[in-house]
Amino acid sequence: MAKHIWLCLLFTILCSTVESVFEDQVGKFDWRQQYVGKVRFSHFDNHMQSSRKVLLATEKNVFAALNIRTGELLWRHVDNIGPEGNIDAFLQHGQDAVLVVGNGRLLRSWETNVGGMNWEVVLDSGSFQSACLVGQQDTVKYVAVLKKTAVSLHYLSNGHQKWIENLPESDTVDYQTVYSGGNGEVYALGVVPHSHITVVAYSVEDGEIIKQITVEAPWLNNIPANCAVIGKGMLTCVDSVTMSLYMYDLHVQSRMTQILLQSLGLEVSANFQPVLVATQPNPARTPLSEFLLQLGPDHYQLLQLNNGQIVTLRDIKPAMLVSFATAGEKTVAAVMSPKNKTACSLNLFSAETGRRLLDTTLIYNMDPNGGKPDKLYVQAFLKKDDSVGYRVLVQTEDHTLTFVQQPGRVMWTREEALSDVVTMEMVDLPLTGTQAELEGEFGKKADGLMSMVLKRLSSQLILLQAWVSHLWKLFYDARKPRSQVKNDVTIENLSRDEFNLQKMMVMVTASGKLFGIDSKTGSILWRYYLDNIPSNAAFKLMVQRTTAHFPHPPQCTLLIKDKDSGLATLHVFNPIFGKKSHLTPPALPQPILQSLVLPLMDQDYAKVLLLVDDQYKVSAFPSTKNVLQQLQEVATSIFFYLVDSSQGRLSGYRLRTDLSTELIWEVVIPPEVQRIVSVKGKRPNEHVHSQGRVMGDRSVLYKYLNPNLLALVTESTDLHQERSFIGVLLIDGVTGRIIHEAVQRKAKGPVHVVHSENWVVYEYWSTKSRRNEFSVIELYEGMELYNSTVFSSLDRPHAPQVLQQSYIFPSSISTMEATLTEKGITSRHLLIGLPSGGILSLPKMFLDPRRPEIVSEQSREENLIPYSPELLIRTEWFINYNQSVSRVRGIYTAPSGLESTCLVVAYGLDIYQTHVYPSKQFDVLKDDYDYMLISSVLFALFFATMISKRLAEVKLLNRAWR
Amino acid sequence: MMLGERTPLLWVFVQAAIVVASCFTDIETGPSAGVSTLPNGDRFKIEGRAIVPGVKTQDWVSSARVLVEGEEYVGFMRTDGSFTVNDIPSGSYVVEIVTPAYKFEPVRVDITSKGKMRARVVNYIKTSEVIRLPYPLQVRASGAHVYFMKRETWGWTDFLMNPMVMMMVLPLLIIVLLPKVVNTNDPEMRKEMEQSMNMLNPNPELPDVSELMTKLFSGSKGSSKAGSSSSKGTRPAVKRR
């Protein structure tokens, strides 16, 4: 019993010593940025005058509401990633937003004020085509959903199905659009390509087919692209071959009338498919009889249907983007046209007359480091004098959202490219001028005592000067009111802080936009848009030169590789300023298989980057004479490996002195049984402080610290729950020797692996017990070290001792990473991204294969926690407290100048940056250090000694008198 | 303790001049393991209601999600706190309601291939154990999440109750009070005390630190000790007079 109590006590002590966040630290060194992704559909919430939100449905399967004044998220709903969460359509009516999700699988209605769901219904299977709101007598009551084979009508209030009807001849007719003009009928429009259009009209009341018409249209194959309903049910199509408009009245059965564009005086640009843009401001009423016809990439024509005749209202050219917007009863067309190279101007045109509205010009300044405008969403509103005012939301090619107000004031911008960060690095900030001067003093060669003394004095003087100016600034700022003092971080005043806690985060996004973000505040300091990035590109970011080599600028290289062709390009840039380097990277005509950064440096202190192409030839960047010479010297000790997951082959190569390569080993994993999922080496910047562990009996168990060790994870191709397995192979990357092999039966992926020091931690799903499990493998050399000065893979005769232990984890995980500190003295934690949005900091101590089942005196001496099968998730261990991070994709850890502190960035849909202290802040005074107490105690002691001294004197005097 | 190793090992760690760079692999590490979707297998729905006592539903539903087996299936909360997760094939799932503010216990839901539903307590260790829960699910929040540690606040009671302070204060009291109670000048008493001190010392072979110290500073300390003892001795004498 006593033992049990002791165990509990030990456990609670251990738990309480583990770091966590204090409430007053909130926001002190951490920040979160929430994103939604590239916008697919957007609606302004216009149903109330006071309403201030814009609703966005995005390609990341996110549905969110933004505050229109600030651009901040009001609420956000993150659906499943992949096709089952895909948002197909977004209809808005009043405060209800109706979404069709998952290729027409679900129909969902959201209450936009609260952000809660009204209802969700499952639709019958069948691929989704189109959806529209259906109204009657000026009120919108229903939603019509058109599928491949059926059309259904649902109540807007509760989602219940009013009726569902099969579409006639759905095997031949391709139904594409559903339309309702508010007259009690729902039209399903289908086409038999190159033959005819089928129009089926249903009664809203009971779904009965009122009429079914086929119209000859041999030129048509896609209704949404070419046709629109205009005015009182006039189906209008444009044909690019005959250059004519075809019109057909849905109410009157007749033939299609053809109007040649030429007869209207219109001309289509060469090789351009004209597009019709119509607008239906109120779904319970017919669409407007005005519409836009796009005749060329930058040429639009505003047309009107007047008594069956087409009237041209206005020729709009040049126009990049055009959009309709409605305020009250007035509908306007907003037109964006290029002004000069860096700016665009927007103007409003009255849809009814085509006249340009006065005082409606808005200037939109384009970011020179951004993309071109891509989409335009217009919020129109009536001003007090009944004129139309507007604001626009512009989306650019690089997924930036900018909300602009007249006459061109940017209210907010959102960099939605950051919702898809692929890879990142943290780069030290440069030193300030004075710091660099000081550093320079030590760097230079000593030249005589006197000059050294003088130098010392001068640099001391510079420091004094800097300090005085700092004090002066403090004093000056103190006189100003608080609000005016801004500590804005700009690129100019960036400098490294005392403990190197502030760094530059270089983030690479899938859209090809690069960002430089200040890690302290999260403000974006530079952005650079790389256009013409292939859509399936893989990125690898490498730091070739850090800021440590002062006169030389820091240098990062981004390798962009097309996954299909394997062809790659290099982008070399300065990570602090984001500017493209003047260095011309080598052209890479061959597909690249592998890239490696060597610790070798050229005469300008840039690390050498080796690129291996598909002919197994190696090229170096930079490839100066100096570099090639160095390479020749060390070529025999450069090894690398290649992975071919399709053939299940892992092969090791050696570099020859003539920069050709030589295959030295190969491990083949039969791809029909298992496939390679990931290969993880150790991080090159990792330090291990202690080479062994002190046991309870004071002997030392030495760690097996092989820097060349690779952890290879395989999953079985057989996914049956009885036969599936995962395998972990530990392979020496130089010799190809298999150090250890572990197989987990009745387990399947996804497998998350962390490989560091002398341990590998992996997580998998146990199909037998239906739970997530962690397993840890630790490697030890034993009680004696073979060669303590240097580790060589070629000379290690003894196989390491392998210890393994597994644990149950009560949640699935999204990603996993280990903390990293400067010298590796601090104990390690695992940072685990959970689907709930928390980032758990789990001490590695809990994943220790030496955790004993029976507690002994020795294990107690070693501070080993007794084995318990289940790992706990304690919310106190969440480093991001309630700042949930959605869909964490990766966690990046970087050491800081303080040994106790590790910088952490979690990225996914959101970005979260914080500091963690795995062993608490042992090297700096804590935040809550009580200066008052310590000084008051000091003073009290001082006075106490004074008083007691006086008393003692008096006493001595008294005694002397006696 | 937290630093893992107690003895600093001053080993010079020289890494072999061999570089194995990380690979530029085309391997997807994401959750690509195919969930075998049955082509015409029946799909079912999990229904339930979540309650946060004392909090209006509008205040928390917008940030809540229902996660079925991690993020494999996702559901959302209705404005009244009820939820439905649609489109789930038969199987056994852990259903969790996730909000940043409130804590809900996860529930395991078993769906047979015929669509019979059963809810039970999640037990990862004894996975076959069945403790039934009501279905449709009724999940009640068990309070707010605790994310923060309490700062150690400083108070007089904490200070006084501190073991270190206790250890300092008690001997002080003994030093002050003991001479008044027992006469230390008595040689018999002294002998007895020395014996009891030896009893307290667990390891007689180890040199006692205090003894060492007294030996070292015996020359200087001796006089002061004598002085102090004499002063202590005189005080009662004064009173007696």
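Cut-off values and rules
Residues numbered from 1 in each chain as written. Chains lettered and ligands numbered in written order. Predicted model: local features only at pLDDT ≥ 70, side-chain atom pairs only at ≥ 80, totals over all residues. Heavy atoms only, no water. Helix = DSSP H or I, 4+ residues; strand = E, 2+ residues; numbered from the N terminus. Buried < 20%, exposed > 50% of the residue type's maximum accessible area, 1.4 Å probe, protein only. Contact = heavy atoms within 4.5 Å. Areas by Shrake-Rupley, 256 points an atom, 1.4 Å probe, with all protein chains shown as cover. Disulfide = S-S within 2.5 Å. Core = buried A, V, L, I, M, F, W, Y, C linked by side-chain atoms within 4.5 Å. Phe/Tyr/Trp six-rings, centres within 6.5 Å; stacked < 30°, edge-to-face > 60°. Pairing = 2+ DSSP bridges. Patch = residues over 30% accessible without salt bridge, like charges linked within 9 Å, V, L, I, M, F, W, Y side chains within 5 Å. Salt bridge = Lys/Arg side-chain N within 4 Å of Asp/Glu carboxyl O. Axes fitted to C-alpha atoms, helices over the stretch in contact; angles between N-to-C directions. UniProt positions renumbered as here; feature names shortened; annotations may be inferred. Domains from an automatic or database assignment. Buried area = accessible area lost by both parts, 1.4 Å probe. Polar contact = N/O pair within 3.5 Å; in protein donor to acceptor, adjacent residues only side chain to side chain. Nonpolar A, V, L, I, M, F, W, Y, C, P; charged D, E, K, R; others polar. Expected span 1.5 Å × (residues − 1). Bend = angle between axes of the 7 residues up to and from the residue.

## Considering the overall build of chain A
Next up, step 1: Each helix and strand counted, chain A has 7 helices and 63 strands in total.
Next up, step 2: Counting only C-alpha atoms and orienting by the principal axes, one finds that chain A spans roughly 125 × 80 × 70 Å.
Next up, step 3: Burial analysis of chain A (962 residues in total) assigns 55% to the buried set.
Next up, step 4: Contacts in chain A between residues at least 24 apart in sequence constitute 50% of all its contacts with a sequence separation of at least 6.

## Here's the deal with the overall build of chain B
Next up, step 1: Across its full length, chain B holds 6 helices and 10 strands.
Next up, step 2: Across chain B, the fraction of contacts at a sequence separation of at least 24, relative to all contacts at a separation of at least 6, is 53%.
Next up, step 3: When the accessible surface of chain B is split by element, carbon and sulfur atoms take 60% of a total near 16500 Å².

## Some remarks on the state of the cysteines
All names here are of chain A.
Next up, step 1: By the definition in use, this model includes 1 disulfide over all chains.
Next up, step 2: We note that cysteine 556 lacks a disulfide partner, and the nearest cysteine sulfur, in cysteine 902, lies 19 Å from it.
Next up, step 3: For cysteine 902, a relative accessible area of 0% gives the class buried.

## Some words on the environment of A:Val21
Residues and elements named next belong to chain A.
Next up, step 1: Structurally, the position occupied by valine 21 is in strand S1 (residues 21-22).
Next up, step 2: Given a relative accessible area of 9%, valine 21 falls into the buried group.
Next up, step 3: Along the sequence, valine 21 and isoleucine 879 sit 858 residues apart, while their C-alpha atoms lie 6.6 Å from each other.

## What about the nonpolar core?
Considering soluble globular proteins, one finds that nonpolar side chains tend to be buried as a cluster.
Next up, step 1: Counting 35 residues, the largest nonpolar core has A:Phe774, A:Leu830, A:Ile832 and A:Leu847 as its most contacted members.
Next up, step 2: Those elements giving two or more residues to this core turn out to be strand S55 (759-766), strand S56 (771-782), strand S57 (801-809), strand S58 (815-818), strand S59 (829-833), strand S60 (839-843), strand S62 (902-907) and strand S63 (911-916) of chain A.
Next up, step 3: In contact with A:Leu830, other than residues within four places in its own chain, are A:Val754, A:Trp759, A:Val761, A:Glu817, A:Ala818, A:Leu840, A:Ser841, A:Leu842 and A:Leu847.
Next up, step 4: Counting 25 residues, the second-largest nonpolar core is a separate cluster that includes B:Val66, B:Tyr73, B:Val109 and B:Leu137.

## Looking at the packing of aromatic side chains
Next up, step 1: This structure, assessed with the given rule, holds 27 aromatic pairs over all chains.
Next up, step 2: A centroid spacing of 5.7 Å and a plane angle of 40 degrees characterise the contact between A:Trp472 and A:Phe475, whose relative ring orientation is tilted. Here A:Trp472 and its partner A:Phe475 are both found in helix H4 (residues 449-479), 3 residues apart, which amounts to about one turn of the helix.
Next up, step 3: Arranged with centres 6.0 Å apart and planes meeting at 90 degrees, the rings of B:Tyr73 and B:Tyr93 form a pair that is edge-to-face. Here B:Tyr93 lies in strand S5 (residues 91-98) and B:Tyr73 lies in strand S3 (residues 73-76), a separation of 20 residues in the sequence. As far as the burial class goes, B:Tyr73 and B:Tyr93 line up, both buried.
Next up, step 4: One aromatic cluster is present, built from ring pairs that chain together A:Phe63, A:Trp75, A:Phe90, A:Trp110 and B:Phe76.

## A look at the pairing of S62(A)
Residue and element names in this part refer to chain A.
Next up, step 1: Among the 6 residues of S62, 6 are classified as buried, and the element is accordingly described as predominantly covered.
Next up, step 2: The alternating pattern of S62 places Cys902, Val904 and Ala906 on one face and Leu903, Val905 and Tyr907 on the opposite face, and all of these are buried.
Next up, step 3: In this sheet, S62 lies alongside strand S61 (residues 890-895) in antiparallel orientation, the contact comprising 6 bridges. Bridge pairing in S62 places isoleucine 891 opposite alanine 906.

## Some thoughts on a nonpolar patch on the surface
Next up, step 1: A cluster of nonpolar side chains, B:Met168, B:Val169, B:Leu170, B:Leu172, B:Leu173, B:Ile175, B:Val176 and B:Leu177, forms an exposed patch at the surface whose accessible area comes to about 780 Å².
Next up, step 2: With respect to the element layout, B:Leu177 can be found in helix H3 (residues 163-181).

## Examining the sheet that holds strand S18 (residues 209-216) of chain A
All names here are of chain A.
Next up, step 1: Across the sheet, 4 strands lie side by side as S15-S16-S17-S18; this open sheet has antiparallel pairing. Taken across any chain shown, the strands that pair with only one partner, and hence form the sheet edges, are strand S15 (174-179) and S18. Here the average twist between neighbouring strands, direction ignored, is 20 degrees.
Next up, step 2: With 8 bridges connecting them, strand S16 (residues 185-192) and strand S17 (residues 196-203) associate as antiparallel partners.

## Observations concerning the UniProt feature "domain: ER membrane protein complex subunit 1 C-terminal" (unreviewed entry) in chain A
Next up, step 1: As recorded in UniProt, the feature "domain: ER membrane protein complex subunit 1 C-terminal" (unreviewed entry) lies at residues 756-961 of chain A.
Next up, step 2: This span, residues 756-961 of chain A, is 17% helix and 30% strand, and a straight line between its end C-alpha atoms measures 77 Å.

## Here we look at the domain arrangement of chain A
Residue and element names in this part refer to chain A.
Next up, step 1: Assigned domains of chain A: these are domain 1 (234-299), domain 2 (318-416), domain 3 (593-668) and domain 4 (930-961).
Next up, step 2: Taken over C-alpha atoms, the centre of domain 1 sits 24 Å from the centre of domain 2.
Next up, step 3: Every contact between the two is made by 12 residues of domain 1 and, on the other side, 9 residues of domain 2.
Next up, step 4: Taken together, both faces of the contact between domain 1 and domain 2 bury some 750 Å²; the carbon and sulfur share is 65%.
Next up, step 5: When residues of domain 1 are sorted by the area they lose upon contact with domain 2, Glu290, Leu292 and Asp298 head the list and together hold 52% of the total.
Next up, step 6: Applying the counting criterion to the domain 1 and domain 2 interface returns 1 salt bridge.
Next up, step 7: A salt bridge links arginine 285 to glutamate 329, with the nearest nitrogen and oxygen atoms 3.8 Å apart.
Next up, step 8: At the boundary of domain 1 with domain 2, the tally comes to 1 residue pair in polar contact (both at pLDDT 80 or more).
Next up, step 9: In terms of residue count, strand S24 (residues 290-296) provides more of the side of domain 1 that touches domain 2 than any other element does, 3 residues in total.
Next up, step 10: The residue makeup of the side of domain 1 that touches domain 2, split by class, is 7 nonpolar, 2 polar and 3 charged.

## Details of the sheet that holds strand S41 (residues 568-573) of chain A
Residue and element names in this part refer to chain A.
Next up, step 1: Taking strand neighbours across the sheet as the criterion, the 3 strands line up as S39-S40-S41 in an open arrangement whose pairing is antiparallel. Of all the strands in the sheet, the pair left with one neighbour each is strand S39 (537-545) and S41. Across the sheet, the mean angle from the axis of one strand to that of its neighbour is 20 degrees, orientation sign disregarded.
Next up, step 2: Where strand S40 (residues 555-562) meets S41, 6 bridges bridge the pair, whose relative direction is antiparallel. Within S41, the residue paired with leucine 559 across the bridge is leucine 570.

## Points about the domain arrangement of chain B
Next up, step 1: Along its sequence, chain B is carved into domain 1 (44-144) and domain 2 (149-197).
Next up, step 2: Once you take the C-alpha centre of each, domain 1 of chain B and domain 2 of chain B turn out to be 59 Å apart.

## Notes on the side chain of A:His154
Next up, step 1: Along the chain, A:His154 turns up in strand S13 (residues 150-155).
Next up, step 2: Among the polar contacts made by the side chain of A:His154, one reaches the side chain of A:Ser152 at a distance of 3.1 Å.

## Looking at the environment of A:Gly126
All names here are of chain A.
Next up, step 1: Residue position: glycine 126 is located in the loop between strand S10 (116-122) and strand S11 (128-136).
Next up, step 2: Under the relative-accessibility criterion, glycine 126 is labelled partly exposed at 29%.
Next up, step 3: As for glycine 126 and threonine 149, which are separated by 23 residues in sequence, their C-alpha atoms are 6.9 Å apart.
Next up, step 4: When neighbours within four sequence positions are excluded, glycine 126 is seen to be in contact with Asn103 and Lys147.

## Some remarks on H3(B)
Next up, step 1: Under the 1.5 Å per step criterion, the end-to-end length of H3(B) is 26 Å for 19 residues, consistent within 8% with the ideal 27 Å.
Next up, step 2: If you look at H3(B), its biggest bend is around 25 degrees, right at B:Ile175, and the proline B:Pro179 turns up within four residues after that.

## Considering unusual backbone geometry
Residues and elements named next belong to chain A.
Next up, step 1: In this chain, glutamine 406 is followed by proline 407 through a cis amide linkage whose omega measures 0 degrees.
Next up, step 2: Here proline 407 is to be found in the loop between strand S33 (400-405) and strand S34 (409-415).
Next up, step 3: The omega torsion across glycine 749 and proline 750 is 0 degrees, close enough to zero to call that bond cis.
Next up, step 4: With a phi close to 45 degrees, arginine 887 is a non-glycine residue in the positive phi region.
Next up, step 5: Relative to the elements of secondary structure, arginine 887 occurs in the loop between helix H6 (857-861) and S61.
Next up, step 6: Its relative accessible area of 14% is what places arginine 887 among the buried residues.

## Looking at the environment of B:Gly70
Next up, step 1: Mapped onto the fold, B:Gly70 is located in the loop between strand S2 (65-68) and S3.
Next up, step 2: Sequence spacing of B:Gly70 and B:Phe83 is 13 residues, and the spatial spacing of their C-alpha atoms is 17 Å.
Next up, step 3: Ignoring any residue separated from it by four or fewer positions in sequence, one finds B:Gly70 in contact with A:Ser812 and A:Pro835.

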